[in-house]
Amino acid sequence: MIRVTIKKTHRDAAQRATYLCTKIICSNHSTLCNKAVGNNRHQYDESRPQSQGHQRAPLDLLNPQQYGRYGWYVPPSRNIGMLVVRIFRGALKLRYIVLGGAIGGGVSLSKKYEEWKDGLPDMKWLEDVLPQGDKWSSFSKKLMEVGGAMKDVVQIDPKLKELGEGKIAEWKMWFDNRLDDAIEAADYQGTASISESKDDIKAKASVSALGLSNDDSRKKYETLQSQVETLQTEIMNVQIKYQKELEKMERENRELRQQYLILKTNKKTTAKKIKKSLIDMYSEVLDELSGYDTSYSMADHLPRVVVVGDQSSGKTSVLESIAKARIFPRGSGEMMTRAPVKVTLAEGPYHIAQFRDSDREYDLNKESDLAELRREVELRMRASVRGGKTVSNEIISMSVKGPGLKRMVLVDLPGIISTMTVDMAADTKDSIHQMTKHYMSNPNAIILCIQDGSVDAERSNVTDLVMQCDPLGRRTIFVLTKVDLAEELADPERIRKILSGKLFPMKALGYYAVVTGRGRKDDSIEAIRQYEEDFFKNSKLFHRRGVIMPHQVTSRNLSLAVSDRFWKMVRETIEQQADAFKATRFNLETEWKNNFPRLRESGRDELFDKAKGEILDEVVTLSQISSKKWEEALTEKLWDKLSNYVFENIYLPAAQSGSQNSFNTMVDIKLRQWAEQALPAKSVEAGWEALHNEFVNLIEKAKKSPDHDDIFDNLKAAVVDEAIRRHSWEDKAIDMLRVIQLNTLEDRFVHDKSEWDQAVKFLETSVKTKLAQTEETLNEMMGPGQFTRITQWKYLTEDQAKRRHVKTELDKVLKNDDKHLPTLTYDELTTVRKNLQRDGIEVDTDYIRQTWFPVYRRHFLKQALHRANDCRKAYYLYSQQGAECEISCSDVVLFWRIQQVIKVTSNALRQQVINREARRLDKEIKDVLDEFSEDEEKKAQLLTGKRVTLAEELIKVRHIQEKLEEFINALNQEK
């Protein structure tokens with residue numbers, strides 16, 4: 001018998017298993033057993049001993065009649081023998097679990113060791129350390145005997161079957177499987193030396209896990225473990241050494257790369273030009289012409305292959321077959337081609353595609369790159385459709401290079417439709433017709449007319465359209481697609497008529513039949529071409545009495561024919577187009593010399609860059625404005641913003657209160673409210689406007705320079721306005737100003753004579769300004785004076801005459817009371833109205849009050865000027881007596897406080913402008929300039945005039961003519 005040592009964790013598992021077995025055994029006493037085993041809230045007395053053959057009960061269920069002294073359940077005597085058997089069988093099942101888990105753990109450890117051992121160097125030295133397989137064979141035999149004995153012991157009680165036969169069978173099967181797995185793993189042995197070593201390791205691991213008393217095996221296992229740890233340390237050292245070598249090689253690689261780039265940069269640029277293919281040069285010429293003359297009225301008549309056909313006729317598939325790649329997106333009946341796609345084909349060592357405005361190359365041999373290319377084409381098509389349109393005239397240019405490709409330029413157009421769906425724009429059908437005619441009207445365009453062979457020829461729309469543009473068929477090639485379907489559906493004689501040009505009234509240079517697919521969306525071009533070759537080899541069209549010639553079939557023959565015709569037309573027309581552009585260039589250059597003899601031809605981009613430099617120079621000048629000038633500008637702008645509030649809301653209400661004490665109290669209250677609420681925001685607004693004004697002044701000053709170019713005026717004004725609109729003062733400036741202004745207003749005492757004189761002067765200047773405004777208001781109300789009426793032949797209106805009579809009566813009121821309050825009493829109003837009635841003038845009280853307001857204000861402001869004059873020499877009395885001075889100078893103190901607030905505010909704003917806001921405005925201007933530089937419409941809107949348009953056209957014509965000459969030279973060299 002093998003002794004198994006069970007640790008504490010196993011003992012806990014055994015207790016839980018005992019509780020579970022107890023619940024099953026005591027199913028006759030379901031209520032008591034469920035409480036004793038299933039309820040985790042019951043507590044047991046661990047201090048009391050457990051007697052053999054008794055089951056411990058929870059303390060809250062103890063019953064003196066059924067439980068012993070220490071709380072262990074004593075079943076009836078007739079069941080004691082059966083209970084002993086059941087407990088012993090439960091203990092054996094627990095050992096099955098422990099045994100299976102231990103052996104399984106040993107197997108897992110051996111697998112982990114094998115994975116680690118594969119990465120080690122030579123392991124032959126382990127054969128001397130590991131024990132031989134004889135000892136393990138002896139141990140495994142004993143283990144199998146124990147297993148057999150255990151299986152004999154495990155028997156199911158018939159009574160338990162009645163209680164839960166299904167559950168017991170399930171448990172027995174699970175325990176048996178675990179035991180069989182453990183025995184099978186223990187019995188496994190290999191024939192090779194490495195397998196023997198692995199079996200020995202399993203044995204050692206199992207013996208250690210089971211706690212067997214085999215000292216020799218344990219010692220050998222510990223020795224093996226120490227050697228494994230030593231090997232791990234050696235491997236880590238090797239990895240560190242390898243990492244250092246790897247880093248060294250990476251550094252050397254970077255240095256070599258830098259040297260390679262230096263050598264590559266020093267190469268002559270002429271080598272790059274030689275590498276540019278002829279078809280690429282021709283494609284660049286076409287792109288330039290498309291941007292110059294989209295109407296095809298004069299210059300853009302160079303050859304290209306225009307692929308036209310009805311929707312879903314297979315024209316895109318024909319183009320892909322020629323390009324040998326599935327480069328276009330597909331949809332189930334949906335219009336996918338929404339814009340012209342210009343594809344430039346050229347031969348090259350690698351099969352790649354690239355958009356004209358992108359540097360990325362798509363590897364057409366990789367399905368992932370093909371999927372991304374199709375997605376990019378679809379995105380560009382949808383981006384070109386704006387304003388609810390279904391199709392667009394914007395050209396998507398791409399090039400495809402690869403082995404065996406024929407050099408040509410093809411343009412894939414949207415398919416012609418006969419019926420529109422509800423999701424299309426109303427003009428979709430007409431737009432497609434106009435676009436197709438637009439491209440086919442080029443007298444040098446090769447028309448590749450695609451006809452679906454699987455539908456009735458009478459349903460074709462494209463043939464009539466082609467016949468209108470090329471009635472003689474001198475530049476049309478007819479292609480019949482889906483011939484594999486046509487052979488099954490149509491009469492061979494009808495196909496013969498189509499390919500011989502006798503079914504349609506249109507004429508063509510050649511007629512071709514192709515197969516562009518098998519109806520499978522994921523087929524490759526190679527598979528499609530192989531299917532096409534096999535079809536035409538086995539087709540009845542190629543029988544001895546076939547209806548078509550072999551050179552009229554397959555995409556390969558079609559590609560050869562189109563390429564030959566394309567280059568023949570290129571050689572015939574390129575010289576004519578170059579001569580036409582040479583004449584156009586001469587005419588434009590002559591016109592430029594006559595109109596702008598002293599100026600260089602500068603396009604919009606160049607002019608914009610020049611204007612950008614001038615604007616940024618003005619920004620630099622803005623930062624060089626002196627601090628004194630900034631303070632003067634800020635002070636002026638601040639008082640302009642604040643003066644009205646100071647007079648109307650602070651000074652006049654306080655001064656007209658009637659006493660000096662009430663004046664000071666009201667002033668303190670209103671000043672504090674003003675500083676806490678409106679004053680900081682108004683100050684920031686004044687600083688923002690001052691910064692704007694100074695920058696505009698610099699721009700206006702630059703216009704007076706003798707080198708000024710007025711072509712930039714609109715652009716500069718737009719940039720400055722947009723930058724100022726975006727620019728906003730820092731938010732924290734308001735809080736900072738609020739603190740400064742509140743602290744300044746707390747000072748109520750003028751400190752020296754110079755400040756007093758400045759405050760008096762400030763008061764007089766402000767009052768005189770308000771007095772002049774009041775006089776102007778009175779002049780408008782009373783009309784011109786007698787001298788003006790005589791010299792300038794002007795007359796008083798009826799209202800002005802009434803105002804003059806009312807003013808005369810109001811002057812009497814003020815003359816009687818020199819210190820009159822700002823409002824008229826009821827008696828005074830009645831007296832004035834009755835005096836006017838006596839003179840035959842009828843007015844109401846509101847009319848009198850309207851006249852009274854400017855009259856009284858002028859009277860009050862004149863008195864304020866007198867008080868200011870009196871206070872000019874009263875500083876010494878004020879400094880000695882303070883607020884109790886005999887001469888009332890509270891208004892001088894108020895304006896001194898306002899003046900101090902303006903000084904500290906302008907100083908703070910000046911620091912913010914110099915330190916922060918000028919740089920932030922500079923950044924805003926640069927951002928606006930960057931945005932405008934990318935917006936061609938904006939530049940065309942702001943840079944206008946004959947000078948700009950003529951220079952733009954001359955630059956484009958000159959560039960195209962140079963491209964044409966370069967292409968002609970390369971074409972002649974190829975001959």
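A quick note: this is a predicted structure, and the numbers were derived from the prediction, not measured.

Each value, and the rule that gives it
- Residues numbered from 1 in each chain as written.
- Predicted model: local features only at pLDDT ≥ 70, side-chain atom pairs only at ≥ 80, totals over all residues.
- Heavy atoms only, no water.
- Helix = DSSP H or I, 4+ residues; strand = E, 2+ residues; numbered from the N terminus.
- Buried < 20%, exposed > 50% of the residue type's maximum accessible area, 1.4 Å probe, protein only.
- Contact = heavy atoms within 4.5 Å.
- Areas by Shrake-Rupley, 256 points an atom, 1.4 Å probe, with all protein chains shown as cover.
- Phe/Tyr/Trp six-rings, centres within 6.5 Å; stacked < 30°, edge-to-face > 60°.
- Lys NZ or Arg CZ within 6 Å of the ring centre and 35° of its normal.
- Disulfide = S-S within 2.5 Å.
- Polar contact = N/O pair within 3.5 Å; in protein donor to acceptor, adjacent residues only side chain to side chain.
- Salt bridge = Lys/Arg side-chain N within 4 Å of Asp/Glu carboxyl O.
- Axes fitted to C-alpha atoms, helices over the stretch in contact; angles between N-to-C directions.
- Parallel < 35°, antiparallel > 145°, perpendicular 65-115°, else oblique.
- pLDDT = per-residue confidence, 0-100.
- Core = buried A, V, L, I, M, F, W, Y, C linked by side-chain atoms within 4.5 Å.
- Pairing = 2+ DSSP bridges.
- Left-handed = near helix turned anticlockwise from the far one by under 90°.
- Nonpolar A, V, L, I, M, F, W, Y, C, P; charged D, E, K, R; others polar.
- Arc of directions from axis to C-beta.
- Expected span 1.5 Å × (residues − 1).

Here we come to the overall build of the protein. In terms of helices and strands, the protein carries 33 helices and eleven strands. For the protein, buried positions account for 43% of its 975 residues. Long-range pairs, those at least 24 residues apart, make up 76% of the contacts in the protein with a sequence separation of at least 6. Element-wise, carbon and sulfur atoms account for 50% of the exposed surface of the protein, whose accessible area totals about 55,100 Å².

A complete count under the given rule lists 18 aromatic pairs for this structure. Their ring planes at 50 degrees and their centres at 6.1 Å tell us that Y651 and F860 sit as a pair that is tilted. With a gap of 209 residues between them, Y651 in helix α20 (residues 627–655) and F860 in helix α29 (residues 845–871) connect regions that are remote in the sequence. Note on accessibility: Y651 and F860 belong to one class, buried. Seen from their ring centres, F762 and F895 are 5.6 Å apart, and the 75 degrees between their planes marks the pair as edge-to-face. Linking F762 in helix α25 (residues 753–782) with F895 in helix α31 (residues 890–934), this pair joins segments that are 133 residues apart in sequence. The exposure class assigned to F895 is buried, which follows from its relative accessible area of 0%. Three or more aromatic residues link up through ring pairs in this structure, and these residues are W639, F647, Y651, F762, W852, Y856, F860 and F895. A cation sits over an aromatic face here: K939 above F608, 5.7 Å from the ring centre.

What follows is about the state of the cysteines. Counting across every chain of the model gives one disulfide. For C871, the disulfide goes to C889, at an S-S distance of 2.1 Å. Looking along the S-S bond of the C871-C889 disulfide, the torsion reads about -105 degrees, which is the left-handed sense. Here C889 lies in the loop between α30 (875–881) and α31 and C871 lies in helix α29, a separation of 18 residues in the sequence.

Counting through the fold element by element, T851 comes out in helix α29. A polar side-chain atom of T851 sits 2.7 Å from a polar atom in the side chain of R803.

This part covers the pattern of salt bridges. Per the counting criterion, the structure on display carries 46 salt bridges. Close ionic contact of E730 with R916 constitutes a salt bridge, the shortest N to O distance being 2.6 Å. Within this pair, whereas E730 is found in the loop between α23 (713–726) and α24 (732–745), its partner R916 is found in helix α31, the two being separated by 186 residues in sequence. Looking at R916, the relative accessible area reads 40%, which means it is partly exposed.

The next point concerns the packing of helix α22 (residues 678–703) against α23. For the pair α22 and α23, the least separation of the axes is 11 Å and the interaxial angle reads 170 degrees. If you check the angle between α22 and α23, you find them roughly antiparallel. In this structure, α22 contributes W688, H692, F695, V696, I699 and K703 to the contact, and α23 contributes D713, V720, D721 and I724.

Moving on, we get to the confidence of the model for the protein. Per-residue confidence for the protein gives a mean pLDDT of 75; residues scoring 70 or more make up 69%. With pLDDT under 50 throughout, residues 125–131 is counted as low confidence; its partners more than four residues away or in other chains account for 17 contacts. pLDDT under 50 marks residues 186–213. Its contacts with residues more than four places away, or in other chains, come to 52 contacts.

A few words now on the nonpolar core. Residues Y651, W756, L894, I898 and I925 are the most contacted members of the largest nonpolar core, which totals 98 residues. Broken down by element, this core gets its largest block of residues, 16 residues, from α31. If sequence neighbours within four positions are ignored, W756 has contacts with V750, C871, R872, Y875, Y878, C889, V892 and V893. With 67 residues, the next largest nonpolar core counts A353, L410, I960 and I968 among its residues.

This next bit is on the sheet that holds strand β7 (residues 396–402). An order of β6-β5-β7-β4-β8-β3-β9-β10-β11 is seen for the nine strands of this open sheet, with the pairing classed as mixed. Of all strands in the sheet, those with a lone pairing partner are β6 (362–363) and β11 (510–513), marking the two edges. Pairing of strand β4 (residues 341–347) with β7 involves seven bridges; the strand directions are parallel. Bridging from a neighbouring strand, V343 pairs with M398 of β7. Lying on the sheet, helix α11 (residues 315–323) is in contact with β3 (304–309), β4, β7, β8 (408–412), β9 (445–452) and β10 (476–481); it crosses β8 at an angle near 160 degrees.

Before going further, it helps to examine the pairing of β8. The element β8 is extensively covered by neighbouring structure, given that five of its five residues are classed as buried. Residues M408, L410 and D412 point to one face of β8 and V409 and V411 to the other, with burial holding for every one of them. With three bridges connecting them, β3 and β8 associate as parallel partners. In the sheet register, V305 faces β8, and the bridge partner there is L410. As paired strands, β4 and β8 are joined by five bridges and run antiparallel to one another. Looking across to β8, one finds that V343 is bridged to L410.

So, about the environment of A654. Within the fold, A654 resides in helix α20. Spatially, the C-alpha atoms of A654 and T665 are 8.5 Å apart, while their sequence positions differ by eleven residues. Not counting chain neighbours up to four residues away, the residues in contact with A654 comprise F663, M666 and V667.

Below, the discussion takes up the packing of helix α19 (residues 604–623) against α22. For the pair α19 and α22, interaxial distance at closest approach is 10 Å and the crossing angle is 125 degrees. Classified by the angle their axes make, α19 and α22 are oblique. The handedness of the crossing between α19 and α22 comes out as right-handed. Only L691, E694, F695, L698, I699 and A702 of α22 make contact with α19, whose side of the interface consists of E618, V619, T621 and L622. For the contact of α19 with α22, the per-class residue count stands at seven nonpolar, one polar and two charged.

Moving on, we get to the side chain of K637. Examined against the element boundaries, K637 turns out to sit in helix α20. Ignoring anything within four residues of it in the chain, the contact list for K637 reads A686, E689, A690 and N693.

Taken together, the buried positions of helix α14 (residues 462–469) are V462, T463, L465, V466 and C469. Burial along α14 is one-sided: seen end-on, the buried residues are contained in an arc of 160 degrees. Of the surrounding elements, those touching the buried residues of α14 are β3, α13 (428–440), β9 and β10.

Another aspect to go through is the pairing of β7. Counting buried positions along β7 yields six of seven residues, so the element is predominantly enclosed. In this structure, strand β5 (residues 352–355) lies alongside β7, joined through four bridges in antiparallel fashion. Looking across to β7, one finds that A353 is bridged to V400.

Right, let's get into unusual backbone geometry. The phi torsion of most residues other than glycine is negative, and most of the peptide bonds are trans. Its identity is not glycine, yet S312 carries a phi of approximately 65 degrees, on the positive side. Within the secondary structure layout, S312 lies in the loop between β3 and α11. For K482, which is not glycine, the phi torsion reads 55 degrees and is therefore positive.

Moving on to helix α21 (residues 660–676). Counted at 1.5 Å a residue, the expected span for α21 with its 17 residues is 24 Å, and the 25 Å between its end C-alpha atoms agrees. Every buried residue of α21 is accounted for by F663, V667, L671, W674 and A675. In an axial view of α21, the angular spread of the buried residues amounts to 90 degrees, which keeps them on one side of the axis. In the core, the buried residues of α21 are packed alongside α20, α22, α24 and α31.

Another aspect to go through is the environment of D470. Looking at where D470 falls in the secondary structure, it is placed in the loop between α14 and β10. For D470, a relative accessible area of 7% gives the class buried. Aside from chain neighbours lying at most four places away, what touches D470 is I447, R475 and T476.

Another aspect to go through is the environment of N697. Mapped onto the fold, N697 is located in helix α22. Sequence separation between N697 and L622 is 75 residues; the distance between their C-alpha atoms is 9.9 Å.

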